[in-house]
Amino acid sequence: MNRSKKGFWIFIFPALFAFTVVQVIPTLMGIGYSFTDWNGIGTTKNFVGLKNYITTLTDDALFRQAFVFTFLFSICAVISVNVIGFALALLVTQKIKGANLLRGIFFMPNLIGGILLGFTWQFIFVQVFEAVGETFNISWLQGWLTDQKTGFIGLLILVTWQLSGYMMMIYIAQIQNIPDSVLEAAKIDGATGWKRLKSIIFPLMMPAFTIGLFLSISNSFKLFDQNLSLTGGGPVNSTQMLALNIYNTAFGENRFGLAQSKAVIFMIVVMAISIIQLTVTKKREVEA
Amino acid sequence: MKKRSYMKKGILIVIGIVLALIFVAPVLLLINSSFKSLQEIYIDILALPQKFTLNNYIQAFEQMDFLPSLVNSLLITVLSTVLILLVSSMAAWVLVRYKTRSSKVLFLVFSSALLIPFQCVMLPLVDVMSKLNLMNRPGLIFMYVGFGCSMSIVLFHGFIKNIPAELEEAATIDGCNMFQTFFTIVIPLLKGIMATVAVINVMWIWNDFLLPSLVINKNGMQTLPLRTYLFFGQYSKKWDLATAALVLCMIPIIIFYLSCQKYIVKGITAGAGK
């Protein structure tokens, strides 16, 4: 085939151009801006060295709180989303009536955008929980989203409701990949129930766990829309997550340089966690 | 033995039904309240509506400019997705077929960009775009192409790798130029993956909030998620209208899901694998 160099560049140009303008240049600029005192309005950007990073890491209680909140939230969300997602996958792959309908229902919330989800659950927690709590005199159903604890749990319920169906889909695909012969052989050897789950299904599920963990970690770590619409970070910033903290630093306080340094730290953390997780779980994958 | 397995199935079905009810409960409660007056909602939130009325829907429909926002969302989602499909499939095709060093490096750059969080790009991006006078709908579509192409290229790349190049080579010998080969030979072979990539992009762009809120937050330009957010700022205590607005916004998503279910499931598993 006659392959001209020109042809290559003509075909790749549109994508490469948009990609460069939208992602590459802003990423590089962003790293540069993190060393300036840019306020987002004026054109002056004075070089301030590592000052923003030092402020962020040593003198920003809100950032630290958002970091801890995000971290704890991500751990809890990753566990609940994957455990429930896997359980749902096991349930709907049993040969029971209506399994397809169940699958559709569990997956549905995942298509609804974060803003809609946040407001929907705000209605459930603030209106429905409150009303039911008052009627039946159940105190723990009252006052949701008015403190950090219920904000945290509320956000966790929302994300579990949204993402476990997504993880279920990924796990279903993998479960269906396990050859029947392997399961039959295990049965003959006397492995049933928990034993079969632990020593046959789990190891063969590792590729799906790699993906499931990766997606749930990055989804919960970068959570923004749901955080904004469910609690708005409140009360008094106590449920503010990292992405929202960066947003508020930029647009609430007009400290774009500082926000950008937080964003760079955020990027490094996200990348580090993802890479560590991928290498750890990849190692444990086995062939059927 | 047989009896036991019937028992087991019965229990599983009951568990399934209970879980399904828990999953749909929030949406059912929302729909229920959307037909009630504010007073009814406050008196008993769980009770069924006293009399059937679409009043909340009519008001919410008007006050959140539902139709213009829907048209905006549709326009932006469809145009962005079509452009992403076109430029990504073109790029992925040459990235597979040219086994040069620049092609390998470029593919690596495209795919590693998937790890960059949006927060890291957003401030300089808005800065650049406003200097280019692109803080408008065409600008937003351009940005979606820039963000969407990395994932889409990775997906197309994985698919094209498995298509033999013979057909294309034969076409070249018959005198087709690159464009003719691509559009008459390659594109028809990509139908299946096209649907998958389209679904992934539609789901993301339709629901996206932060980027449009930075770029086109002006009256008449807003997309549905933007409008919903504004609407809630104004009517946060008016749950009669708010619930109707939320249900209205869910309708297009549900229609999309029911009509493309097959591709959505495929898209989810394909997109995840990368």
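Residues numbered from 1 in each chain as written. Chains lettered and ligands numbered in written order. Predicted model: local features only at pLDDT ≥ 70, side-chain atom pairs only at ≥ 80, totals over all residues.

(A) Expanded view of the overall build of chain B. Helix and strand counts for chain B stand at 13 helices and 0 strands. On the principal axes, the C-alpha backbone points of chain B span a range of 75 × 70 × 35 Å. Taking the contacts inside chain B whose residues are at least 6 apart along the sequence as the reference set, 79% of them involve residues at least 24 apart. (Helix = DSSP H or I, 4+ residues; strand = E, 2+ residues; numbered from the N terminus. Contact = placed C-beta atoms within 7 Å.)

(B) Just the overall build of chain A, in detail. When you go through chain A residue by residue, the secondary structure sums to 11 helices and 0 strands. Reading chain A from its N end, one meets helices and strands in the order α-α-α-α-α-α-α-α-α-α-α. For chain A, the spread of C-alpha atoms along the principal axes amounts to about 75 × 75 × 30 Å. Classification of the 288 residues of chain A by burial places 43% in the buried group. Within chain A, contacts between residues at least 6 apart in sequence are counted, and of these 74% link residues at least 24 apart. (Buried ≥ 20, exposed ≤ 12 C-beta atoms within 10 Å, placed from the backbone.)

(C) Highlighting the interface of chain A and chain B. Listed by partner, the interface residues are 68 residues for chain A and 64 residues for chain B. Among the secondary structure elements, those contributing two or more residues to the side of chain A that touches chain B are α1 (5–33), α4 (99–107), α5 (114–136), α6 (148–175), α8 (193–221), α9 (225–230), α10 (242–252) and α11 (256–283) of chain A. Sort the elements by how many residues they give to the side of chain A that touches chain B and α1(A) lands first, with 18 residues. A per-class count over the side of chain A that touches chain B returns 50 nonpolar, 14 polar and 4 charged. (Nonpolar A, V, L, I, M, F, W, Y, C, P; charged D, E, K, R; others polar.)

(D) Examining α6(A) more closely. Here α6(A) is 28 residues long and its end C-alpha atoms lie 38 Å apart, about the 40 Å a rise of 1.5 Å per residue gives. Bending of α6(A) peaks at approximately 30° at the position of A:L163. (Expected span 1.5 Å × (residues − 1). Bend = angle between axes of the 7 residues up to and from the residue.)

(E) Molecular detail of the packing of α1(A) against α11(A). Residue and element names in this part refer to chain A. It is the contact of α1 with α11, at a shortest axis distance of 8 Å, that shows an interaxial angle of 115°. Read as a crossing pair, α1 and α11 show a hand that is left-handed. Listed contacts from α11 to G30, I31 and Y33 of α1 are F256, G257, Q260, A263 and V264. Looking at side-chain class alone, the contact of α1 with α11 contains 5 nonpolar, 3 polar and no charged residues. (Axes fitted to C-alpha atoms, helices over the stretch in contact; angles between N-to-C directions. Left-handed = near helix turned anticlockwise from the far one by under 90°.)

(F) Representation of the environment of B:L155. With respect to the secondary-structure elements, B:L155 resides in helix α7 (residues 137–160). Spatially, the C-alpha atoms of B:L155 and B:V197 are 7.3 Å apart, while their sequence positions differ by 42 residues.

(G) Spotlight on the nonpolar core. Counting residues in each nonpolar core, the largest one holds 148 residues, and the members touching the most others are A:A15, A:M168 and B:A91. When residues in this core are grouped by element, the largest group, 14 residues, is from α7(B). If near-sequence neighbours (up to four positions away) are discounted, B:A91 is found in contact with A:F11, A:I12, A:A15, A:L16, B:C149 and B:I153. (Core = buried A, V, L, I, M, F, W, Y, C linked by C-beta atoms within 7 Å.)

(H) Spotlight on the confidence of the model for chain A. Looking at chain A, pLDDT values average 89 and 98% of them are 70 or higher. When pLDDT is averaged over each helix and strand of chain A, the minimum, 81, is found for helix α7 (residues 180–188) of chain A and the maximum, 94, for helix α3 (residues 61–92) of chain A. (pLDDT = per-residue confidence, 0-100.)

(I) The arrangement of the confidence of the model for chain B in detail. Residues and elements named next belong to chain B. The predicted model of chain B averages 89 in pLDDT, with 97% of residues at 70 or higher. Considering each helix and strand of chain B separately, the mean pLDDT is smallest for helix α13 (residues 239–273), with a value of 83, and largest for helix α4 (residues 66–97), with 95. As scored by the predictor, the complex reaches a pTM of 0.89 and an ipTM of 0.88.

(J) Quick peek at the packing of helix α8 (residues 166–173) of chain B against helix α9 (residues 178–189) of chain B. Residues and elements named next belong to chain B. α9 packs onto α8 with a crossing angle of 145° between their chain directions and a minimal axis gap of 10 Å. Between α8 and α9 the crossing geometry is right-handed. Mapping the contact onto sequence places L167, E168, A171 and T172 in α8 and T181, I185 and V186 in α9. For the contact of α8 with α9, a count of residues per class yields 4 nonpolar, 2 polar and 1 charged.

(K) Representation of the environment of A:I276 in the model. Its place among the elements puts A:I276 in helix α11. For the pair A:I276 and A:A259, spaced 17 residues apart in sequence, the C-alpha to C-alpha distance is 26 Å.

(L) Main features of unusual backbone geometry. Residue and element names in this part refer to chain A. The omega torsion of the bond from G234 to P235 falls at -5°, within 30 degrees of zero and hence cis. Considering the arrangement of structural elements, one finds P235 in the loop between α9 and α10. Although it is not a glycine, V236 sits at a positive phi angle of roughly 45°. Take V236: it is sitting in the loop between α9 and α10.

(M) Examining the environment of A:T192 more closely. Residues and elements named next belong to chain A. Looking at where T192 falls in the secondary structure, it is placed in the loop between α7 and α8. Overall, T192 belongs to the exposed group, with 10 C-beta atoms counted inside 10 Å. Taking the C-alpha atoms as reference points, T192 and G252, separated by 60 residues in sequence, lie 58 Å from one another.

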